[in-house]
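Descriptive structure summary
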Amino acid sequence: MNFPCPATQSRHGRTYKRLQSSLKHRHSTGGRMVLRKVFPAMFTLPKEAPACSRNGTLYLLRCIFLMGVRRPPARFFVAYCLWSFALNLCSTFYQPIGFLTGYISHLSEFSPGEFLTSLQVAFNAWSCSTKVLIVWALVKHFDDANNILDEMDRRLTQPSERLRVHQAVSQSNRIFFIFMTVYMVYATNTFLTAILMGRPPYQNYYPYLDWRSSSWQLGLQSGLEYFTMAGACFQDVCVDCYPVNFVLVLRAHMSIFADRLRQLGSDPEESPEQRYEQLIQCIQDHKTILRFVNCLRPVISGTIFVQFLVVGLVLGFTLINIVLFANLGSAIAALSFMAAVLLETTPFCILCNYLTDDCYNLADALFESNWIDGEQRYKKTLMYFLQKLQQPITFMAMNVFPISVGTNISVTKFSFSVFTLVKQMNIAEQLAKGEGEAD
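Residues numbered from 1 in each chain as written. Predicted model: local features only at pLDDT ≥ 70, side-chain atom pairs only at ≥ 80, totals over all residues. Heavy atoms only, no water.

Per the stated rule, a full pass over the model turns up 15 aromatic pairs. Ring centres of Phe 39 and Tyr 59 lie 5.6 Å apart, and the angle between their planes is 85°; on these two criteria the pair is classed as edge-to-face. Linking Phe 39 in the loop between α1 (6–38) and α2 (58–66) with Tyr 59 in helix α2, this pair joins segments that are 20 residues apart in sequence. Residues Phe 176 and Phe 177 carry aromatic rings whose centres are separated by 5.7 Å and whose planes lie at 75° to one another, so their mutual orientation is edge-to-face. Under the relative-accessibility criterion, Phe 176 is labelled buried at 1%. By the ring-pair criterion, three or more aromatic residues cluster together here, those being Phe 39, Tyr 59, Phe 176 and Phe 177. Over the ring of Phe 43 we find Arg 174, and its NZ or CZ is 5.7 Å from the ring centre. (Phe/Tyr/Trp six-rings, centres within 6.5 Å; stacked < 30°, edge-to-face > 60°. Helix = DSSP H or I, 4+ residues; strand = E, 2+ residues; numbered from the N terminus. Buried < 20%, exposed > 50% of the residue type's maximum accessible area, 1.4 Å probe, protein only. Lys NZ or Arg CZ within 6 Å of the ring centre and 35° of its normal.)

What follows is the structure, encoded as C-alpha cells:
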C-alpha cells in the first residue's frame, strides 16, 4: 500500500483549509449582501455619502406606521384602517381587560406559576397600552425631530463628520433589531411552552371561548393570545426603542459640534468679524440641538414615567416566579421576559448619563478654543455661551424622576423588595399549599 508523503498531506490539508475558508467567506458574504439589500440602513455608508441622520429611525418609524397610529395613506386607506383596528383592539385596548377579566373568572384555576406569569405580563401590558396611547397622541414630534436632524446634517462639511453620523445611523438600526429579537423571542417562547403544557399562555378571557372544552378551542385561544402578545411586543419595541434611536444620532452630532467648538479661532487668516460670525453660528447650532431635545421631551417624559412606575413590580413578580415556581421552560420564558423589561429603561438611562457628559465636553471644548486673543465683543459672547453650555441636557419623567442610571437602579431595586416581602410573609408557601389542597 502506498502512503502519500507528509509534505503532500500537509499541502493537501492546507489546500482543503483554504477551500473551506473560502466557502465560509463566500457564504457569509452572500448572506451579508442579502441583508444589506433588505436592510441597507443597518450598514455604515462610506464617508463620501451625504449624511442622513433621519435614517437612524428609518425602521423604527416604519414599524410605528405598522402600529396603525399614523395618518392612513390614501392608496391603502381601508386596509390600513382595518389593520389598525384589529391590532389596537386586540393589543392596546382588549389585552389589559382580558387579563383582568381572566383573573376574576378563573382565579381559582391558576397554579401559582401560571398566575405569576400572567400577572407579570399583565402589569407590563397595562403600561404598554398607556405608552402606545402617549406615542399615538404625540407621534408628530418624531417627524419634527427628524426635520431638525436635517438642519444639523446641512452643517456637516467634512468626510469624517459624515462618517460619524453614518456609524450612529447603522448602530441605531442594529439596536432596534436587537430589541425586536429579544421581545419576539419572549412572546414565541411563552407560546411554545404553554402549548407543550396544554394550556393557553396567559389564560385571558375571551367571550364564547372555553379552552378546556376542546382542543380546537385551546388552539384558537392560544393563537389569539399569541397574536395579541406578539402585537403588544411589536408595539413595545417601538415605544421603548425610540429614545435610544434618536439620542444615539444626537450624540454623534454633539461629538461633531464639540470638535467645531474646539476649532474656533484656530485659523490665523480669519478676520475678527469672521471669527465672531463663526461663534454666532455655533450658538445657533446649540439652539438647534436644544430644539431637538425639547421636541422629544414630552414623549420621553410620559413613556419613561409609566415604565418607571411598573418596572420594579414586574421584575419582582418575575423573580418570585423563577426562584419558587417555574419549571425549565417557564424559567427560560421568564428570563427572556426579564431581559425585555430591563431593555425598556436601562439603555436609555445609560445614554442620558452619557448625554450629560457630552454637555460638559462641549463646555470644555469651547474653553479650549483660541479665545484669549479675541476682541472684547467676542470674549463677552463666548463667556455667555460658555455658561449656557455648562447647563447639561437632562430628561425628566413627568418632572418627578430624573432619567438616569441612578433612578433606574433605584426602581429596579424595588423588585428585590417585592421578592423579600413575599418571602417574609410566606405568600409563596401559602400559594403552593392552596394549590396542593385544590388538587
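Helix-helix packing: each pair is described by the crossing angle between the helix axes and the interaxial distance. Two numbers describe how helix α5 (residues 140–153) lies on helix α7 (residues 215–262): the axes approach to 11 Å, and their chain directions differ by 15°. The angle between α5 and α7 falls in the class roughly parallel. In this structure, the crossing between α5 and α7 has a hand that is left-handed. Mapping the contact onto sequence places Phe 142, Ala 145, Asn 146, Leu 149, Met 152 and Asp 153 in α5 and Tyr 242, Phe 246, Val 249, Leu 250 and His 253 in α7. The residue makeup of the contact of α5 with α7, split by class, is 8 nonpolar, 2 polar and 1 charged. (Axes fitted to C-alpha atoms, helices over the stretch in contact; angles between N-to-C directions. Parallel < 35°, antiparallel > 145°, perpendicular 65-115°, else oblique. Left-handed = near helix turned anticlockwise from the far one by under 90°. Contact = heavy atoms within 4.5 Å. Nonpolar A, V, L, I, M, F, W, Y, C, P; charged D, E, K, R; others polar.)

Where charged atoms of side chains with opposite charge meet at close range, the side chains can pair. Counting across every chain of the model gives 15 salt bridges. Glu 273 is the salt-bridge partner of Arg 377, the closest N and O atoms lying 3.0 Å from each other. With a gap of 104 residues between them, Arg 377 in helix α10 (residues 376–389) and Glu 273 in helix α8 (residues 272–325) connect regions that are remote in the sequence. The exposure class assigned to Glu 273 is partly exposed, which follows from its relative accessible area of 41%. Overlapping salt bridges, with partners in common, bring together Arg 164, Asp 259, Arg 262 and Glu 368 in one network. (Salt bridge = Lys/Arg side-chain N within 4 Å of Asp/Glu carboxyl O.)

A few words on α7. For α7, which comprises 48 residues, the first-to-last C-alpha distance of 70 Å matches the rise-based estimate of 70 Å (1.5 Å per residue) to within 8%. Of all the bends in α7, the greatest, near 40°, is centred on Cys 241, and the proline Pro 243 appears no more than four residues after it. With 36 of 48 residues buried, α7 is to be regarded as a mostly interior element. (Expected span 1.5 Å × (residues − 1). Bend = angle between axes of the 7 residues up to and from the residue.)

Let's shift gears to the environment of Leu 355. Mapping Leu 355 onto the fold places it in helix α9 (residues 328–368). A relative accessible area of 1% means that Leu 355 is categorised as buried. Residues Leu 355 and Ile 393, spaced 38 residues apart in sequence, show a C-alpha to C-alpha distance of 6.8 Å. Leaving out residues up to four positions away in the same chain, Leu 355 has contacts with Val 247, Leu 250, Arg 251, Met 254, Ile 393 and Phe 395.

Residues Phe 142, Leu 261 and Ile 403 are the most contacted members of the largest nonpolar core, which totals 99 residues. If one sorts the elements of this core by residue count, α8 sits on top with 20 residues. For Ile 403, the contacting residues outside a window of four places in its chain are Ile 300, Ile 304, Phe 308, Phe 348, Cys 349, Cys 352, Phe 395, Met 396 and Ala 397. Core analysis: the next-biggest nonpolar cluster, separate from the first, contains 5 residues, Ala 51, Leu 156, Val 165 and Val 169 among them. (Core = buried A, V, L, I, M, F, W, Y, C linked by side-chain atoms within 4.5 Å.)

So, on to the side chain of Asp 285. Checked against the element boundaries, Asp 285 lands in helix α8. Of the residues examined, Asp 285 reaches a relative accessible area of 9% and is grouped as buried. Here Arg 155 takes part through its side chain, which lies 2.8 Å from a polar atom of the side chain of Asp 285. The residues touching Asp 285, leaving out its near neighbours within four places in the chain, are Arg 155, Phe 257 and Arg 260. (Polar contact = N/O pair within 3.5 Å; in protein donor to acceptor, adjacent residues only side chain to side chain.)

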